[in-house]
Amino acid sequence: MSEKVLVCNSDKCVGCRICEQWCSMEHFKVVNPVKARIRVIRVHETAKDVPLACTQCDPAPCLKSCPIDAISRDEATGALLVDNDKCIGCQKCIKVCPNGAVSILKETKKALICDLCKGEPVCVKVCPEGAVQYIDVSTMDLPFKSKAAKEIALAGRDK
Amino acid sequence: MVLGGITGKILRVNLTDKKVTVEATPEEAIQSFMGARGLGAYYFNKEIAPKTDPFSSDNKLIFMTGPAAATLAPGNNKVAVTFKSPMSNTYSWSLCGGFFGPELKFSGYDGLIIEGKADSPVYLWISDNKVEIKPAGRLWGKLIPETDKLIKKELRDDETIKVACIGPAGEKLNRMACITTDCYREFGRGGPGAVMGSKNLKAIAIRGSQDISAAKPEELKKLALEVYGILKKHPKAQARRTFGTVEMVEGINKLGFWSTRNFTTGYFEEGNKLIGPEMKKEVVVGDASCYACPIACGKNTAVNSKKFGKVSIEGPEYETVGLLGANCGVSSWEAIIKATEICDHYGFDTISAGATVSFAMECFEKGILTKEDTGGIDLKFGNGEALVEILEKIARREGLGDLLAEGVKIASEKIGAPELAMHIKGMPLATYDPRGCKGMALTYATSPKGAHHMVSPTMGPEIAGDRFADSGKAPIVKETQTFMAIVDSMALCSSMRFALSLEKQVELYKAVTGLEFDNAELMRVGERILNLERLINVKEGLSRKDDCLPERFTKEPMPEGASKGQVVDFNIMLDEFYAVMGWNEDGVPLKKKLEELGL
């Protein structure tokens, strides 16, 4: 199984939604925001852009909540795969996802979850800000740790 | 044939009889006028009669996207609204970035035409095929961010909905009122918000889920990746990424053509406080992009001011800093950001507002307006608190603010000082003083909607050549106007022109629409749009006398700075311009030119 995970960083995201465009294009050959497995939502109150995408949780709440075992895990990439023949569109996966990363595709009424583009996520390739990364799970936390350390250090300096 | 990029449908909403209809997008018109600004001119010409009162129910708001909108084309986020302007009383359009245009397209429409007038406040809710006219009584009077929030809350707490709305300025028919999208992205100029207010339309909320396909997706993908790459390395694009459009302040002030104290001079001695790096250091807290733009020139700012409290907004951008800052002699970020917040939240154009306040400031300094007139405000140049106080009065239409909300043309005529009002056709000038960059005199004077810089921003080529020359500027202005007509009609952000040369635009247009085009044909489309716009204004009764320049620029030599001593020799320039355009000496397109363009 891959040791890489998809990481979204809202501190870096500027809200251009180029990731959404390419995700939709890659899978459906059209641009359509509701067909993108990654979504960016601008929250005006805090002037923040928040990218939402699947983090391939393990154990995955969506997989556990699925009443008919339509969700499985790809051995090679760790991506959660939806079996469209089985999926009944019951929406349980949408409600349990901690990342708001699941949707329902209107044409099929089946769940839509990031498939990691077979291990080469296109959103990562096109993000102009490096706000979506596909990186080794053992080091994914380090930029966040560094940020926390800087904040603590700066707070100390102010005293 | 079915063109790529477009959805093939135009939505028409009549607010008088509440009729909603869907009609086919005229494909021949797309081939002739492309989209957005060009298509807006096409519909205006067909549907809005000369002499239409801007506030009558016969005026329309014609929202048009372009073929490239919502495709993979980088920076494809612009949408034009075309309308009879209550500021200039001419044909007018205004472009807005952000996300509203692409969302209109995603809802399945190339354009939206609003006509008639509702008898009480309403808002429009468009979600694909579902179009509803909903009551907006409880939203009337609300500021822009509050309106945005309340509508999203009412529509299932959905933050992906895109709202275009007016604030109290639009409701009160402030002629400078804009239509605001995403809280901080405006259809800014010419008063479209006042037209919307006159129709009792508070907002348009859109959410779409339709597919947008380009004719040649693989070619478009390749081109998009190439453009991302070019922009990453382009110094101008990177300066915008770092400092926003405010990156321009330093250069323009050094060159001595930065609008200062109502254009009495072109050099602001405190300008160094307002340059990009200072802004970044003092007030910027984050970056914000428009849809599909790899530059992200938008800057979020925040101040915690003793005088004005906590303020956090998106912006201000370059023009705002020029007009509310230098042109009012104000160099305090706190005051400029508070002033921007008032304009943004009440919903009126920062350029026009800055020009109107700076006019009032000059009147005050000359004793034409007194403290009695201003309600006690010490309206001197450089007084940031006075700037904020007078804007609050304009926003609420109180005291002198009621008159100033009519815009600088009407206000200056009533005050009896029209010579101090820096406008053309009623529309105030942007922040480039034409004495230091002469082509901009033609840009402002010949723009169909009054003084607007983006009709042909010739600063680049002029600075590279002889910016003080009067003669010889007409061909540069013609070429830039034609090129911008294409950019605006394709619905690309003007910043994309750093990466998209004419050749690249042709490639882009071909990949999106599937049409076969070469450089000359694309330029012909641009020229056709310019000539149609001209014809609309000729029918309105406009002529050479309206293509004029405030006398300050032709008679008062620039007093200081790097453009010292310059005045504009305007008549020579105008003769040359009409000649290169193929127009007669009164500015009317010649028959030969119209036939050549198929008009």
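Analysis parameters
Residues numbered from 1 in each chain as written. Chains lettered and ligands numbered in written order. Predicted model: local features only at pLDDT ≥ 70, side-chain atom pairs only at ≥ 80, totals over all residues. Heavy atoms only, no water. Helix = DSSP H or I, 4+ residues; strand = E, 2+ residues; numbered from the N terminus. Rg over C-alpha atoms; globule rule 2.2 N^0.38 Å. Buried < 20%, exposed > 50% of the residue type's maximum accessible area, 1.4 Å probe, protein only. Contact = heavy atoms within 4.5 Å. Areas by Shrake-Rupley, 256 points an atom, 1.4 Å probe, with all protein chains shown as cover. 1 Å grid on protein atoms, 1.4 Å probe; cavity = no way out; pocket = protein on both sides within 12 Å on 5 of 7 lines; lining within 4 Å. Points joined across faces, edges and corners; volume = space filled by probe spheres on them. Nonpolar A, V, L, I, M, F, W, Y, C, P; charged D, E, K, R; others polar. Axes fitted to C-alpha atoms, helices over the stretch in contact; angles between N-to-C directions. Parallel < 35°, antiparallel > 145°, perpendicular 65-115°, else oblique. Left-handed = near helix turned anticlockwise from the far one by under 90°. Pairing = 2+ DSSP bridges. Core = buried A, V, L, I, M, F, W, Y, C linked by side-chain atoms within 4.5 Å. Buried area = accessible area lost by both parts, 1.4 Å probe. Salt bridge = Lys/Arg side-chain N within 4 Å of Asp/Glu carboxyl O. Polar contact = N/O pair within 3.5 Å; in protein donor to acceptor, adjacent residues only side chain to side chain. pLDDT = per-residue confidence, 0-100. Disulfide = S-S within 2.5 Å. Phe/Tyr/Trp six-rings, centres within 6.5 Å; stacked < 30°, edge-to-face > 60°. Lys NZ or Arg CZ within 6 Å of the ring centre and 35° of its normal.

Explanation requested: the overall build of chain A in the structure shown.
Across its full length, chain A holds five helices and eight strands. From first element to last, N terminus to C terminus, chain A shows the α and β order β-α-β-β-α-β-β-α-β-β-α-β-α. Here the C-alpha atoms of chain A give a radius of gyration of 17 Å, agreeing with the 15 Å that 2.2 N^0.38 yields for 159 residues. Along the longest, intermediate and shortest principal axes, the C-alpha atoms of chain A span 60 × 30 × 30 Å. Burial analysis of chain A (159 residues in total) assigns 43% to the buried set. Pairs at least 24 apart in sequence give 57% of the contacts found in chain A among residues at least 6 apart. Only carbon and sulfur atoms are counted for the fraction: they give 56% of the accessible area of chain A, which is about 8,300 Å².

Would you take a moment to explain the layout of surface pockets for this structure?
To find the voids left in a structure, one rolls a probe of water-molecule size over its atoms. Its volume calculated, the second largest pocket comes out at about 870 Å³. Lining the second largest pocket are 27 residues, and of these Val 34, Arg 39, Val 102 and Ser 103 of chain A together with Asp 158 of chain B sit closest to its centre. Elements with a minimum of two residues in the lining of the second largest pocket: strand S2 (39-43) and strand S6 (103-105) of chain A. For the lining of the second largest pocket, the element with the most residues is S6 of chain A, which contributes three residues. Here the residues of the lining of the second largest pocket sort into twelve nonpolar, five polar and ten charged.

Can you walk me through the packing of helix H18 (residues 439-446) of chain B against helix H20 (residues 474-490) of chain B in this structure?
Helix packing for two helices is described by the angle between their axes and how far apart those axes are. Residues and elements named next belong to chain B. Orientation of H18 relative to H20, taken along the N-to-C sense of each, is 50°, at an axis distance of 9 Å. Classified by the angle between their axes, H18 and H20 sit oblique to one another. Crossing hand, H18 versus H20: right-handed. Contacts from Gly 439, Leu 442, Thr 443 and Thr 446 of H18 reach H20 at Ala 474, Val 477 and Gln 481. Among the residues forming the contact of H18 with H20, the class breakdown is three nonpolar, four polar and no charged.

Sorry if this is basic, but what is going on with the sheet that holds strand S14 (residues 298-305) of chain B here?
The strands making up a sheet are joined through hydrogen bonds of the backbone, oriented either antiparallel or parallel. Residues and elements named next belong to chain B. The antiparallel open sheet is built from three strands, whose spatial order is S13-S14-S15. Of all the strands in the sheet, just strand S13 (284-288) and strand S15 (309-314) have a single pairing partner and so form its edges. Neighbour to neighbour, the strand axes of the sheet diverge by 15° on average, direction disregarded. Two strands pair when backbone bridges link them, and S13 and S14 are joined in this way by four bridges, in the antiparallel orientation. When the bridges of S14 are listed, Asp 287 appears paired with Lys 299. The strands touched by helix H12 (residues 333-346) are S14 and S15; relative to S15, the strand with the most contacts, the crossing angle is about 65°.

Explain the nonpolar core here, please?
Across soluble globular proteins, you tend to see nonpolar side chains buried next to one another. The biggest cluster of nonpolar side chains holds 165 residues, and the ones touching the most others in it are Trp 258, Phe 348, Phe 359, Leu 387, Leu 391 and Tyr 432 of chain B. If one sorts the elements of this core by residue count, H12 of chain B sits on top with eight residues. Judged by nonpolar contacts, the second largest core, of 30 residues, contains Leu 6, Cys 62, Cys 66 and Tyr 134 of chain A.

Whenever I open this one, helix H1 (residues 18-28) of chain A confuses me. Can you help?
Each turn of an α-helix holds 3.6 residues, which means side chains three or four residues apart point in the same direction. Extensive coverage of H1 of chain A is indicated by the burial of eight of its eleven residues. Turning to H1 of chain A, its buried residues number three or more, namely Ile 18, Cys 19, Glu 20, Gln 21, Trp 22, Cys 23, Ser 24 and Met 25 of chain A. Along its buried surface, H1 of chain A packs onto S2 and helix H4 (122-126) of chain A together with helix H7 (217-233) of chain B. Following H1 of chain A by one or two positions, Lys 29 of chain A adopts a phi angle in the positive range, close to 60°.

In this structure, what is going on with the interface of chain A and chain B? I would like to understand it.
Interface size is commonly expressed as the accessible surface area that is lost when the partners come together. Taken together, the contact between chain A and chain B spans 27 residues of the former and 40 residues of the latter. Taking both partners together, chain A and chain B bury about 2,800 Å²; carbon and sulfur atoms supply 55% of that area. Sorting the residues of chain A by area buried against chain B places Trp 22, Arg 42 and His 44 of chain A first, and these three jointly supply 22% of that buried surface. Residue Glu 129 of chain A pairs with Arg 241 of chain B through a salt bridge whose shortest N-O separation is 2.4 Å. Between chain A and chain B we count 14 residue pairs in polar contact (both at pLDDT 80 or more) in total.

Sorry, what's going on with the pattern of salt bridges here?
All names here are of chain B. All chains considered together, the criterion is met by 65 salt bridges over all chains. Two residues, Glu 362 and Arg 552, come together in a salt bridge whose shortest N-O distance is 2.7 Å. Here Glu 362, found in helix H13 (residues 350-365), pairs with Arg 552, found in helix H23 (residues 551-555); they are 190 residues apart in sequence, far enough to count as distant. Residue Glu 362 shares its accessibility class with Arg 552, and that shared class is buried. Asp 575 serves as the salt-bridge partner of Arg 544, at 2.9 Å between the closest nitrogen and oxygen. Taken as a pair, Arg 544 in the loop between helix H22 (519-540) and H23 and Asp 575 in helix H24 (residues 570-581) lie far apart in primary sequence, 31 residues in all.

How should the sheet that holds strand S1 (residues 9-14) of chain B be read in this particular structure?
All names here are of chain B. With mixed pairing, the six strands of this open sheet are ordered in space as S2-S1-S6-S3-S4-S5. Only two strands of the sheet have a single partner each, and these edge strands are strand S2 (19-24) and strand S5 (91-96). Each strand axis lies, on average, 15° off the axis of its neighbour in the sheet, ignoring direction. Note that strand S3 (residues 61-64) and strand S6 (residues 111-115) share four bridges and pair antiparallel. Counted as the bridge partner of Ile 62 is Ile 113 from S6.

Help me understand the confidence of the model for chain B in this model?
It should be kept in mind that the predicted coordinates are not to be read in detail where pLDDT is low. With 100% of its residues at a pLDDT of at least 70, chain B reaches an overall mean of 97. Interface scoring of the predicted complex returns ipTM 0.96; its pTM is 0.97.

Teacher, can you tell me more about the state of the cysteines here?
All names here are of chain A. Counted according to the given criterion, the structure contains zero disulfides over all chains. Not part of a disulfide, Cys 62 finds its nearest cysteine sulfur in Cys 54, a span of 6.3 Å. There is no disulfide at Cys 90, and the cysteine sulfur nearest it, in Cys 93, is 6.1 Å away.

It is not clear to me how the pairing of strand S7 (residues 122-127) of chain B should be interpreted in this structure. Could you clarify?
When a strand is regular, its side chains alternate between the sheet's two faces. Residue and element names in this part refer to chain B. With six of its six residues buried, S7 lies for the most part within the structure. Burial along S7 is two-sided: the face carrying Val 122, Leu 124 and Ile 126 and the face carrying Tyr 123, Trp 125 and Ser 127 are both buried. Here S7 pairs with strand S8 (residues 130-135) via six bridges, running antiparallel. Within the sheet, the bridge partner assigned to Leu 124 lies in S8 and is Ile 133. Linking S7 back to S8 in an antiparallel pair, the connection comprises two residues, with Asp 128 at a positive phi of about 55°.

Sorry if this is basic, but what is going on with the environment of Leu 420 of chain B here?
Mapped onto the elements of the fold, Leu 420 of chain B is located in the loop between helix H17 (408-415) and strand S16 (423-424). In contact with Leu 420 of chain B, not counting residues within four places along its chain, are Asn 262, Phe 359, Glu 362, Cys 363, Lys 366, Ile 368 and Arg 552 of chain B.

I would appreciate a short explanation of the packing of aromatic side chains in the present structure.
If you walk through the whole model with that rule in mind, you get 17 aromatic pairs over all chains. Ring geometry for Phe 44 of chain B versus Tyr 91 of chain B: centroids 5.2 Å apart, planes at 90°, classification edge-to-face. Of this pair, Phe 44 of chain B sits in helix H2 (residues 36-47) while Tyr 91 of chain B sits in strand S5, and the two are 47 residues apart along the sequence. Neither Phe 44 of chain B nor Tyr 91 of chain B differs from the other in exposure class; each is buried. Seen in terms of ring centroids, Phe 106 of chain B and Tyr 291 of chain B are 6.0 Å apart; in terms of plane orientation they differ by 80°. Their pairing is edge-to-face. Taken together, the residues span a long stretch of sequence, with Phe 106 of chain B in helix H3 (residues 100-106) and Tyr 291 of chain B in the loop between S13 and S14 at a distance of 185 residues. Its relative accessible area of 1% is what places Tyr 291 of chain B among the buried residues. Here the aromatic cluster, defined as three or more aromatic residues joined through ring pairs, consists of Phe 33, Tyr 42 and Tyr 43 of chain B. We note Lys 35 of chain A situated over the ring of Phe 28 of chain A; from NZ or CZ to the ring centre the distance is 5.5 Å. Sitting over the face of the ring of Phe 99 of chain B, Lys 162 of chain B holds its NZ or CZ atom 4.9 Å from the ring centroid.

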